[in-house]
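A structural walkthrough
So you can see what is in the structure, the chains are spelled out below.
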Amino acid sequence: KTISDCANKNKIGVSICGDMANNKKYLPFILGIGIKCVSVDSLFFPRVKNAIAAIKLDEAISFSDELLSCSTVAEIENKIS
């Protein structure tokens, strides 16, 4: 979130790639912290595109804030699952 905030403030792009970017359960967090670019294998593109289209940005921001306030990894995992 800190990296994303600084990058956005300075108009520098930040992207996420790999398994996290193509896993739809992480997309609300990724978008909620201000990352607007994901890099995924073309095999996953339709699924990721549909998942992103279904996300409401204001809800993603609230969800991300909630995750960032968690104290333990277990607490985060429970909220993401």
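Residues numbered from 1 in each chain as written. Predicted model: local features only at pLDDT ≥ 70, side-chain atom pairs only at ≥ 80, totals over all residues. Heavy atoms only, no water.

Describing the overall build of the protein
What counts, and what does not: Working definition: helices are DSSP H or I runs of at least four residues, strands are E runs of at least two. Numbering for both runs from the N terminus. Throughout, the radius of gyration refers to the C-alpha atoms, and the reference size of a globule is 2.2 Å times the residue count to the power 0.38. The buried label goes to any residue with under 20% of its type's maximum accessible area, the exposed label to any with over 50%, and the partly exposed label to all in between, with areas taken from a 1.4 Å probe on protein chains only. In this description, contact between two residues means that some pair of their heavy atoms is separated by no more than 4.5 Å. Calculation of accessible area relied on Shrake-Rupley with a 1.4 Å probe; when residues are assessed, cover is drawn exclusively from the protein chains displayed. His residues and chain termini do not enter the charge count, which takes Lys and Arg as positive and Asp and Glu as negative. By convention, the point assigned to a charge is CZ for Arg, NZ for Lys, CD for Glu and CG for Asp.
Helix and strand counts for the protein stand at five helices and two strands. In terms of overall dimensions, the protein is globule-like: its C-alpha atoms have a radius of gyration of 13 Å, near the 12 Å expected for 81 residues. With respect to the three principal axes, the spread of C-alpha positions in the protein is 35 × 35 × 20 Å. Counting over 81 residues, the protein shows a buried share of 25%. Look at the contacts in the protein between residues 6 or more apart in sequence, and 46% of them connect residues 24 or more apart. Accessible surface computed for the protein: about 5600 Å², of which carbon and sulfur atoms make up 57%. Positive and negative charge centroids in the protein, built from 10 and 9 side chains respectively, lie 7 Å apart.

Topic: the pattern of salt bridges
Definition in use: The term salt bridge refers to a pairing of a side-chain nitrogen on Lys or Arg with a carboxyl oxygen on Asp or Glu at a separation within 4 Å.
Summed over all chains, the structure comprises two salt bridges. Of the charged contacts in the structure, one is a salt bridge between Asp5 and Lys1, with a shortest N-O distance of 2.9 Å. A salt bridge links Glu66 to Lys79, with the nearest nitrogen and oxygen atoms 3.0 Å apart. Of this pair, Glu66 sits in helix H4 (residues 57–68) while Lys79 sits in helix H5 (residues 73–80), and the two are 13 residues apart along the sequence.

Side note on unusual backbone geometry
Even without being glycine, Lys11 reaches a positive phi, approximately 55°. Tracing the sequence through the fold places Lys11 in the loop between helix H1 (2–9) and strand E1 (15–17). Residue classification places Lys11 among the exposed residues on the basis of a relative accessible area of 78%.

Topic: the nonpolar core
Our working rule: Nonpolar core, defined: a set of buried Ala, Val, Leu, Ile, Met, Phe, Trp, Tyr and Cys residues in which side-chain atoms within 4.5 Å join the residues together.
Among the nonpolar cores identified, the biggest contains ten residues, and these are Leu27, Phe29, Ile30, Ile33, Ile35, Val48, Ala51, Phe63, Leu67 and Ile80. If you list the elements that add at least two residues to this core, you get helix H2 (27–32), helix H3 (45–53) and H4. Sort the elements by how many residues they give to this core and H2 lands first, with three residues. Ignoring any residue separated from it by four or fewer positions in sequence, one finds Phe29 in contact with Met20, Phe63, Ser64, Leu67 and Leu68.

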